[in-house]
Protein chains: 2
Amino acid sequence: MQVWKQYQEQHKERFLEELLALLRVPSISAKPENKQDMITCAEMVKESLLEAGVQKAEVYPTAGHPIVYGEIMVNASKPTVLVYGHYDVQPVEPLELWDTPPFEPTIRDGKIYGRGTADDKGQFYMHVKALETMVKTDSVPLNIKFLIEGEEEVGSSNLGTFMQENKELLKADVVLISDTSMISLDTPSLDTGVRGLSYIEVEVTGPNRDLHSGVYGGAVANPITILAQMIASLHDENNHVTIPGFYDDVQVLSNEERVLLNKAPFDEQEYKDDLGVKELWGEKGYTTLERTGIRPTLELNGIWGGYTGEGSKTVLPAKANAKISARLVPGQDHEKITELIINHLQAIAPPYVTVKATPHHGGNPYVTPIDSVEYKAAEKAIEASFGKSPIPLRGGGSIPITSLFESILNCKTIFLGFGLDSDNLHSPNEKYNIENYYKGIETIPYFHKFYAEMK
Amino acid sequence: MQVWKQYQEQHKERFLEELLALLRVPSISAKPENKQDMITCAEMVKESLLEAGVQKAEVYPTAGHPIVYGEIMVNASKPTVLVYGHYDVQPVEPLELWDTPPFEPTIRDGKIYGRGTADDKGQFYMHVKALETMVKTDSVPLNIKFLIEGEEEVGSSNLGTFMQENKELLKADVVLISDTSMISLDTPSLDTGVRGLSYIEVEVTGPNRDLHSGVYGGAVANPITILAQMIASLHDENNHVTIPGFYDDVQVLSNEERVLLNKAPFDEQEYKDDLGVKELWGEKGYTTLERTGIRPTLELNGIWGGYTGEGSKTVLPAKANAKISARLVPGQDHEKITELIINHLQAIAPPYVTVKATPHHGGNPYVTPIDSVEYKAAEKAIEASFGKSPIPLRGGGSIPITSLFESILNCKTIFLGFGLDSDNLHSPNEKYNIENYYKGIETIPYFHKFYAEMK
């Protein structure tokens, strides 16, 4: 609509400035020392919603970090869209690999660099500015609710309870999330699902204290060696996961579905060049798009043990630790898989060591039906702003809370993401292209318009 | 001798106080931030030698940390003993496991707790106080030189050059070192050798940046997983090291020698209970005493990669690193083994990653002939102060510089150690029993006396 475009063009500088202010708050949910920053950030989100034109907004404390809720109810007969996003961000380590400080957002080559730019401040804030566009041009086509949480990066531990206790408040027809990516602005795509997640931590304990590796080495099991042997045994020579039962519940796609999925544009050489690797790796019998979309995976997210400082120390450490997570696909249940992984690690522990495995967090996989009104509204919105139809894709990431929207609120979820795979999510130099930010603000009002018309 | 015993009894409180003062200096050679502490410590050592009665003492700067030299030359016709020790200590991490701060030496139950108590400040300082005893009782039986360095814990990188450049200054008939342990005060033992060391660091690089484990997991090799697989492959199911050529030059002991070695008192249950492990581990076909004495070993000293902080982060890291060291036995050459390990790690690196392996430091193994005058003098010294003969043992640790004493100074080395295996060397809560400290001061003058008489 010309009136939206015009409003957005006039205010684009301010739209950017406001996002930069939000990015400056170090809202790292995993770090206890950022607790106050989380509160500051939640208040900023609430204020931004009020300024954009919601009728009410509130910060709800939880047992963890606060949840921000806001709403604009235009007409009880119209459908209601629940916009979900998160204002918390990932930790920033390793800090020395950032070209500019993570919480001093910097613009270079049309990209905003900083923690949370794409995941998810830059993306949920598009919804705030899209709302402002519709409110200021007097064209809000339906009821919109905002649910912006502060614990997505640590497993949304308190959101389930909040949803259970506030079912009426959150009542909606569909959940709209911008926290995923598309292929490119030239080749827009829509994620039709997210993988589930099962995240655990394992600690291998050998002797009751760190030992001198010369005096005891060779006579006492080294927890690092044992942990490495355990990790190595988790994949076979075809890179299949060896944990018994791991694949049992995986819904197998038909050949037809696999052919369709592999039609998405994918240039292996470009992919390898971008990542700087000579060869790709993965489960035998599957393409890269399948490995990251429809197959469950098991990844090591961290490992530590012994002396890790400068120089050398001849220690045989008492402990070695690792963080391990699995991405799950439709059919798999995160609680069951977490239990399988933990039991397996304990089962393969040799008698020389003690193994303690504990669950971190998890969530179930989710798939959006592409023949639904919701999906078609999103497709039309992309067509309106991009001039071409989006390619449906299975995303590799996880938004564990999605399955709860379905079970508690009885809502389907639409993933209207504007990030790119190259945004360095969870990594140093996270970035978000300014053009993608503006394109999102342009597209979102169309979704509301078409959904109001089609529902 | 009654006169020594009497002098030591009168000054024992001061002998302890002086050691505590030396222990308070955080002389960690591996840490650049302790450079000034190293200089302070070297000066203290020089002063203590002068106060004990050497005729001259000097601090020699090197490309790294300074070396302290001191001497008392009583008679050119008498033999000369070169006492070697080191004033540098290991890093103190993990700091949270220390019951009392590492550089605030604390006495509990007759033991001095603190970094460097046994390794090696508490042990080389026995020689300073033994010298004082002989000087003050006018009974120095031969010429004594002191060579106390500050880089033993980081590979003695500059000691070889110093020895080459000061052959005349360091000229001696035997090297005497107290930097090893004995079975107990009830069962004194003498190490007849130390193992060599080959220490390397390996870095496995996958993608050119940290990645989101959901977006790329399953499609790109995870450096932690690959490193774990590489580490796991370094030992076979019998815990033999699989690196080609690793055992090639190992001097095989005769059955007779093995029988003799296994006569040393060893209580497996006590050993396991002390370490808190249910089962021991090691190379098939060898006893624990053999595994730690006459067999080469390969140990993981550290590992790190990905997210190691609190909570969870779903990252597929760009890199994973490990510190690996081998203990070597007679016949093996540390430069050859270092090259074998590095080449092997590069050879087994899969094409998905880049492997960089770099040497840290090393040293050759060393064995003292037990039929030598030197060894017999040490044996007699133990008999004089303990009232029983010492058991000859092969030590598991390494004093890489020992082989240089032989090649550069043409000197055999005697290991007159008074530590215990339970002293927590290189670990939190390092300690040295006060009784062992005094017993060392009592024994050392006997060594000089008998060696002067027998040589």
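Residues numbered from 1 in each chain as written. Chains lettered and ligands numbered in written order. Predicted model: local features only at pLDDT ≥ 70, side-chain atom pairs only at ≥ 80, totals over all residues. Heavy atoms only, no water.

Caption draft 1: Structural detail: the pattern of salt bridges. Residue and element names in this part refer to chain A. This structure, assessed with the given rule, holds 38 salt bridges over all chains. Here Lys336 and Asp249 are joined by a salt bridge, their closest N and O atoms 2.8 Å apart. Of this pair, Lys336 sits in helix H10 (residues 334-347) while Asp249 sits in the loop between helix H6 (223-232) and helix H7 (255-261), and the two are 87 residues apart along the sequence. Looking at Lys336, the relative accessible area reads 36%, which means it is partly exposed. Among the ionic contacts, a cluster of salt bridges with common partners joins Arg14, Glu18, Lys129 and Glu132. (Salt bridge = Lys/Arg side-chain N within 4 Å of Asp/Glu carboxyl O. Helix = DSSP H or I, 4+ residues; strand = E, 2+ residues; numbered from the N terminus. Buried < 20%, exposed > 50% of the residue type's maximum accessible area, 1.4 Å probe, protein only.)

Caption draft 2: Structural context of the interface of chain B and chain A. On the chain A side, the residues contacting the 89 residues of chain B number 89 residues. Summed over both sides, the interface between chain B and chain A buries roughly 7,600 Å², with carbon and sulfur atoms accounting for 53% of that surface. On the surface where chain B and chain A come into contact, there are 2 salt bridges. Between B:Asp274 and A:Arg209 there is a salt bridge, with the nearest N and O atoms lying 3.1 Å from each other. Viewed at the interface, chain A and chain B are joined by 44 residue pairs in polar contact (both at pLDDT 80 or more). Here the side of chain B that touches chain A gets 9 residues from one element, more than from any other, and that element is strand E11 (residues 297-306) of chain B. Taken together, the 5 bridges between strand E11 (residues 297-306) of chain A and E11(B) define a ladder with antiparallel strand orientation. Within E11(B), the residue paired with A:Gly305 across the bridge is B:Ile303. (Contact = heavy atoms within 4.5 Å. Buried area = accessible area lost by both parts, 1.4 Å probe. Polar contact = N/O pair within 3.5 Å; in protein donor to acceptor, adjacent residues only side chain to side chain. Pairing = 2+ DSSP bridges.)

Caption draft 3: Fine view of the UniProt feature "domain: Peptidase M20 dimerisation" (unreviewed entry) in chain A. When the UniProt feature table is mapped onto this chain, "domain: Peptidase M20 dimerisation" (unreviewed entry) is found at residues 200-352 of chain A. Here residues 200-352 of chain A is 29% helix and 20% strand, with 22 Å between the C-alpha atoms at its ends. (UniProt positions renumbered as here; feature names shortened; annotations may be inferred.)

Caption draft 4: Structural context of the sheet that holds strand E5 (residues 111-113) of chain B. Residue and element names in this part refer to chain B. With antiparallel pairing, 3 strands are arranged side by side in an open sheet as E4-E5-E18. Since the sheet does not close on itself, it has two edges, and those belong to strand E4 (106-108) and strand E18 (431-433), each with one partner. On average, each strand axis in the sheet is inclined to that of its neighbour by 25°, with strand direction left out of account. Taken together, the 3 bridges between E4 and E5 define a ladder with antiparallel strand orientation. By the bridge assignment, Arg108 is partnered in E5 with Lys111. (Axes fitted to C-alpha atoms, helices over the stretch in contact; angles between N-to-C directions.)

Caption draft 5: Structural view of the packing of helix H2 (residues 35-52) of chain A against helix H3 (residues 121-136) of chain A. Residues and elements named next belong to chain A. Two numbers describe how H2 lies on H3: the axes approach to 8 Å, and their chain directions differ by 25°. As summarised for this structure, H2 and H3 are arranged roughly parallel, according to the angle between their axes. Counted together, Cys41, Val45, Ser48, Leu49, Glu51 and Ala52 of H2 and Lys121, Phe124, Tyr125, Val128, Leu131, Glu132, Val135 and Lys136 of H3 form the full contact between these two elements. Taken together, the residues of the contact of H2 with H3 break down into 9 nonpolar, 1 polar and 4 charged. (Parallel < 35°, antiparallel > 145°, perpendicular 65-115°, else oblique. Nonpolar A, V, L, I, M, F, W, Y, C, P; charged D, E, K, R; others polar.)

Caption draft 6: Just the sheet that holds strand E4 (residues 106-108) of chain A, in detail. All names here are of chain A. Pairing within the open sheet is antiparallel, and its 3 strands lie in the order E4-E5-E18. Two strands bound the open sheet, and with one partner strand each, they are E4 and strand E18 (431-433). This sheet shows a mean twist of 25° between the axes of neighbouring strands, independent of strand direction. Contacting E4 and strand E5 (111-113), helix H1 (residues 2-23) runs over the sheet at an angle of about 20° to E5. Those strands touched by helix H13 (residues 434-454) are E4, E5 and E18, and its axis lies near 60° from that of E18.

Caption draft 7: Here's a closer look at the side chain of B:Ser156. Following the sequence through the fold, B:Ser156 ends up in the loop between strand E6 (143-149) and helix H4 (159-165). The contacts of B:Ser156, once residues within four sequence positions are left out, are B:Tyr84, B:Glu149, B:Glu151 and B:Ile401.

Caption draft 8: Spatial organisation of the relation of the copies chain B and chain A. For these two chains of identical sequence, chain B goes onto chain A by a turn of 180° and a shift of 0.1 Å along the axis, with RMSD 0.1 Å. Look at the turn and shift together and you get a two-fold axis relating the two. Most of the interface of chain B is mirrored in chain A, where 100% of its interface residues are also at the interface. (Least-squares fit on C-alpha atoms with pLDDT ≥ 70 in both.)

Caption draft 9: Expanded view of the domain arrangement of chain A. Residues and elements named next belong to chain A. In terms of domains, chain A is made up of domain 1 (2-194 + 365-454), domain 2 (197-250 + 296-362) and domain 3 (254-293). Look at where the C-alpha atoms of domain 1 and domain 2 centre, and you get two points 35 Å apart. Opposite the 10 residues of domain 1 that make contact, domain 2 presents 8 residues. When domain 1 packs against domain 2, the two sides together hide about 660 Å² of surface, and 62% of this comes from carbon and sulfur. Contact with domain 2 buries area across many residues of domain 1, yet Pro365, Ser398 and Pro400 alone supply 57% of it, more than any other trio. At the surface where domain 1 touches domain 2, the tally comes to 0 salt bridges. Remark: the boundary between domain 1 and domain 2 carries 1 residue pair in polar contact (both at pLDDT 80 or more). In terms of residue class, the side of domain 1 that touches domain 2 is built from 4 nonpolar, 4 polar and 2 charged. (Domains from an automatic or database assignment.)

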